[in-house]
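Below are the chains, spelled out letter by letter.
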Amino acid sequence: MASVRSDLAPDTLAVAAGRPPREHDAPINPPLVLTTTYHETRAPEPGDRIYARGSNPTWDPFEEALAALEGADLPALVFGSGLGAAAAALSLVPPGGAVVMPRHAYAGSLGLAADLAAQGRFELVQVDIADTAAVLAALTALAARLDAGSVMLWLESPTNPMLEVAELGVLTAAAHAAGAVVVADNTFNTPIVHRPLEAGADVVLHSVTKWLAGHSDVVLGALVTSDAGLRERLLAHRTLYGAIAGPFEVWLALRGLRTLALRMERSQGTAASLALRLADHPAVRRVRYPGLPSDPGHERAAAQFNGFGGIVSIELDDVATADALVAAVRLWLPATSLGGVESLIERRRRQPAEPLTVPEALVRLSVGIENPEDLWADLDQALRRAAGRDGGL
Ligand SMILES: *Cc1c(COP(=O)(O)O)cnc(C)c1O
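Residues numbered from 1 in each chain as written. Predicted model: local features only at pLDDT ≥ 70, side-chain atom pairs only at ≥ 80, totals over all residues. Heavy atoms only, no water.

**Quick look at the sheet that holds strand S9 (residues 311-315)**
The strands that make up a sheet are held in pairs by hydrogen bonds between backbone atoms, and each pair lies either parallel or antiparallel.
Part 1: An order of S8-S9-S12-S11-S10 is seen for the five strands of this open sheet, with the pairing classed as mixed. The open sheet has two edge strands with one neighbour each: strand S8 (286-288) and strand S10 (333-334).
Part 2: By the bridge criterion, five bridges tie S9 to strand S12 (residues 362-366) in an arrangement that is antiparallel. Considered in S12, the bridge of Ile-314 is made with Val-363.
Part 3: On top of the sheet, helix H12 (residues 319-328) reaches S9, S10, strand S11 (344-347) and S12; it is set at about 155 degrees to S11, its chief contact. (Pairing = 2+ DSSP bridges. Helix = DSSP H or I, 4+ residues; strand = E, 2+ residues; numbered from the N terminus. Contact = heavy atoms within 4.5 Å. Axes fitted to C-alpha atoms, helices over the stretch in contact; angles between N-to-C directions.)

**Some points on the packing of helix H5 (residues 132-145) against helix H6 (residues 168-177)**
Part 1: Packing of H5 against H6 leaves a shortest axis separation of 10 Å and a crossing angle of 10 degrees. The pairing of H5 with H6 is recorded here as roughly parallel in orientation. Facing H5, whose interface residues are Thr-132, Val-135, Leu-136 and Leu-139, H6 presents Val-170, Leu-171, Ala-174 and Ala-175.
Part 2: Here the residues of the contact of H5 with H6 are counted per class, giving seven nonpolar, one polar and no charged. (Parallel < 35°, antiparallel > 145°, perpendicular 65-115°, else oblique. Nonpolar A, V, L, I, M, F, W, Y, C, P; charged D, E, K, R; others polar.)

**Overview of the nonpolar core**
Part 1: The biggest cluster of nonpolar side chains holds 61 residues, and the ones touching the most others in it are Phe-62 and Leu-153.
Part 2: The element contributing the most residues to this core is helix H2 (residues 59-70), with seven residues.
Part 3: Both domain 1 (10-94 + 140-154 + 176-257) and domain 2 (260-388) contribute no fewer than three residues apiece to this core.
Part 4: Those residues in contact with Leu-153 that sit more than four places away from it in its chain are Val-100, Val-135, Leu-139, Leu-171, Ala-175, Val-181, Val-182 and Val-183.
Part 5: Listed in part, the 30 residues of the second largest apolar core include Tyr-289, Ile-314, Ala-328 and Trp-332. (Core = buried A, V, L, I, M, F, W, Y, C linked by side-chain atoms within 4.5 Å. Buried < 20%, exposed > 50% of the residue type's maximum accessible area, 1.4 Å probe, protein only. Domains from an automatic or database assignment.)

**Things to note about the pattern of salt bridges**
Part 1: This model, assessed by the stated rule, comprises 17 salt bridges.
Part 2: With a shortest N-O distance of 2.8 Å, Glu-315 and Arg-288 are connected by a salt bridge. Of this pair, Glu-315 sits in strand S9 while Arg-288 is found in strand S8, placing the two residues 27 residues apart along the sequence.
Part 3: Residue classification places Glu-315 among the buried positions, given a relative accessible area of 12%.
Part 4: Because the salt bridges share partners, they merge into one network encompassing Glu-346, Arg-348, Arg-350, Glu-354 and Arg-364. (Salt bridge = Lys/Arg side-chain N within 4 Å of Asp/Glu carboxyl O.)

This is the structure in structure tokens:
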């Protein structure tokens, strides 16, 4: 790959990083390489590709571009899914250690950590990640009885789907003082909005499935770190446990990454305007969006982030109203997942795995890039119909 200057802005890096070298007649885009194995004409040496569970040329430009975006010194590691990446990250906790996780982290991450905890791999401590004092107390209590290096602090900020905002700098400093490794799930923010490595995280996790790839057509994950020792262990986990990515998916993800900044700008702009209007809507009981000045996470998000993201959660009066809303939209798509060009709507507690402290009538909106007025008109008509459903509308 050709190297790209790291002082460039993120929106430029998304376009310029991960390109083949400038050579006459060479393509400007990396090729899709479909192979399981590589010619060997001499004895293998470190860094040779050898077999495609270990390495694929189509991964390299994506891994380089994501590292550039997150401000990492080393190439990212792409995985077959976000949870595949999460499993590798959790493998860094030594047996008998502990993981501190937000009680409203992504349900799959919580489910994976709970499964490993039930097997006796480590202890799982769930915290309100917005309550800095509670997180610090949990870290101090664990540091007092466990060996240094055996605790992991798992950050997700804003949380999915409650959109709580953590005090990242304070938490990473305290975690390091307690000898803990910090993993930050940056799926919601993307590096356009926030770069957790700069706030002290050791490893950044992405469900590439969401905003990075951005078109709801691939499932992928990634880890990013500037720590060579950690990266070596994560790479070894990927190769040994085999949660590798298909090259075509990674090729599509790099294509999606090129427009990340534009898509985020549009989604965030629309999310902010929808959140304001939803806050005034008689059928909406509460809006959760860090961009709203009245939101409990607003000050922290404004101080830490370069934007407020494209996810808005709203609470309706009851489950029936929430379900009626989801049933009444015509443009928004009723579906799980998030971060694609198309706007999605979902009552999260439909999913049995969702934490029970997420309100039953909470509906998560993933704001896409359609015309903002079309999105509002559809939500507004659906809210009216949902709220007035007993009136025979
Ligand atoms: C979807 C998601 C994941 C899991 O990623 P997959 O690609 O679905 O395996 C992890 N964290 C967050 C915040 C997510 O939204």
